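Residue strings, one per chain:
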Amino acid sequence: MTVHLHEEDLPPDVFAAGQPIAVDTETMGLMTPRDRLCVVQLSDGGPDEHLVRFAPGSDYAAPNLRALLADPDRLKLYHFARFDLAAISHYLHVTAAPVYCTKIASRLVRTYTDRHGLKELVRELLGQEVSKAQQSSDWGAPVLTDAQKDYAASDVRYLHAMKAELDVRLVREGRMALAQSCFDFLPARAELDLAGWPEIDIFAHI
C-alpha cells in the first residue's frame, strides 16, 4: 500500500466515478471553528490512501476535493462522521454526504460493549491492529512524519471492510433502516454543532 500526500487539493480523477470513498479529517483540536482543518484523508478501499494537507492561512479552495466530497451520487464512509462533517462544512463549505458512519452502526449492533472506537472495531471485525500513537500529534507541523502519514491513512484504510461486516449485523438485527435514518440526519447534527448546540439535546423535554 502507498500513502500519497497532496498539498491544498486532490489531483483530478484520482478516484473512479461512483465508488464509495472513506473520509477522515485531522485538525488542530476538537473545537472546529477555533482549531483549523489540517488534513483530509481519502480511500476507495484499494491499496492506496490519499492525504490532502492544508497550510496555515489556506483558503481551502480545493476544487477537486470539494467536488468529490459534495458529489451526491458518491457514498462517504466515516468513523464518527459528526465531527468530520462539521470540519468539512466549516472549512471547505460543502456537505460531504450521503453518509455512512461506522461508529453509529457499531452502536446499533454491538450493544454488548461500550467500546466503539476505530481501534476496537478494526480488531474485532477485521482481526487487524491499528496504532493510535499519533492521534494527538501536531497536524499543523511544517512536515508530517511518516508515522503521522501512516496513522492518518489508517483512519480510512479499513472503513470499506468494516462497513461490509457491520451491514451484515445491521441486517441480521433488523436495524438497517434505523441506521440509514441516523446517517441521513448526520449533516444536520453537524450543523447544529457548528450553530451552537453541540451538547444540548433539542429533542429532550427539559
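Structural data are supplied above this passage.
Rules behind the numbers
- Residues numbered from 1 in each chain as written.
- Predicted model: local features only at pLDDT ≥ 70, side-chain atom pairs only at ≥ 80, totals over all residues.
- Heavy atoms only, no water.
- Helix = DSSP H or I, 4+ residues; strand = E, 2+ residues; numbered from the N terminus.
- Rg over C-alpha atoms; globule rule 2.2 N^0.38 Å.
- Buried < 20%, exposed > 50% of the residue type's maximum accessible area, 1.4 Å probe, protein only.
- Contact = heavy atoms within 4.5 Å.
- Lys, Arg positive; Asp, Glu negative; His and termini not counted.
- Charge placed at Lys NZ, Arg CZ, Asp CG, Glu CD.
- Phe/Tyr/Trp six-rings, centres within 6.5 Å; stacked < 30°, edge-to-face > 60°.
- Lys NZ or Arg CZ within 6 Å of the ring centre and 35° of its normal.
- Salt bridge = Lys/Arg side-chain N within 4 Å of Asp/Glu carboxyl O.
- Axes fitted to C-alpha atoms, helices over the stretch in contact; angles between N-to-C directions.
- Parallel < 35°, antiparallel > 145°, perpendicular 65-115°, else oblique.
- Left-handed = near helix turned anticlockwise from the far one by under 90°.

(A) How the structure looks around the overall build of the protein chain. Counting its regular elements, the protein chain contains seven helices and six strands. Sequence-ordered secondary structure for the protein chain, helices as α and strands as β, is β-β-β-β-α-β-α-β-α-α-α-α-α. Relative to the globule expectation of 17 Å for 206 residues, the C-alpha radius of gyration of the protein chain, 16 Å, shows essentially globular dimensions. Residues classed as buried in the protein chain amount to 47% of the 206 residues present. The contacts in the protein chain between residues at least 6 apart in sequence include a share of 65% that link residues at least 24 apart. Averaging the coordinates of the 21 positive side-chain charges in the protein chain and doing the same for the 30 negative ones gives two points 5 Å apart.

(B) Spotlight on the packing of aromatic side chains. Scanning the entire structure with this criterion turns up five aromatic pairs. Seen in terms of ring centroids, Phe-54 and Tyr-60 are 4.8 Å apart; in terms of plane orientation they differ by 45°. Their pairing is tilted. By relative accessible area, which is 8% here, Tyr-60 ends up buried. These aromatic residues form a ring-pair network of at least three members: Phe-54, Tyr-60 and Tyr-91. Over the ring of Phe-80 we find Lys-103, and its NZ or CZ is 5.2 Å from the ring centre. Lying across the ring of Tyr-100, Lys-163 places its NZ or CZ 5.0 Å from the centre.

(C) Broad picture of the pattern of salt bridges. Counted under the stated rule, the structure contains 14 salt bridges. In this structure, Arg-157 engages Glu-49 in a salt bridge whose closest nitrogen and oxygen atoms are separated by 3.1 Å. Here Glu-49 lies in strand E4 (residues 48-53) and Arg-157 lies in helix H5 (residues 146-157), a separation of 108 residues in the sequence. Where Glu-129 meets Arg-123, a salt bridge forms, and the shortest distance between an N and an O atom there is 3.0 Å. Exposure remark for Glu-129: the relative accessible area of 53% places this residue in the exposed category. What makes Arg-123 partly exposed here is its relative accessible area of 37%. Residues participating in the shared-partner salt-bridge network are Glu-49, Asp-150 and Arg-157.

(D) Region of the structure containing the packing of helix H3 (residues 102-109) against helix H6 (residues 159-172). Where H3 meets H6, the axes come as close as 10 Å, and the angle between the chain directions of the two elements is 30°. For the element pair H3 / H6, the angle class is roughly parallel. Between H3 and H6 lies a crossing whose hand is left-handed. For the pair H3 and H6, contact is made by Thr-102, Ala-105, Ser-106, Leu-108 and Val-109 and by Leu-159, Met-162, Leu-166, Arg-169 and Leu-170, respectively.

(E) Main features of the environment of Phe-183. Tracing the sequence through the fold places Phe-183 in helix H7 (residues 176-195). Not counting residues within four places of it along the chain, the set of residues in contact with Phe-183 comprises Val-99, Tyr-100, Cys-101, Ile-104 and Ala-105.

(F) Expanded view of the side chain of Ser-58. Take Ser-58: it is sitting in the loop between E4 and helix H1 (63-70). Ser-58 gets classed as buried once you look at its relative accessible area, which sits at 17%.

(G) Region of the structure containing the environment of Val-3. Within the element layout of this structure, Val-3 appears in strand E1 (residues 2-7). Relative accessible area serves as the criterion here: at 27%, Val-3 is assigned to the partly exposed category. Separated by 200 residues in the primary sequence, Val-3 and Phe-203 have C-alpha atoms spaced 42 Å apart. Excluding residues that lie within four positions of it along the chain, Val-3 makes contacts with Glu-49, Leu-51, Lys-149, Ala-153 and Arg-157.

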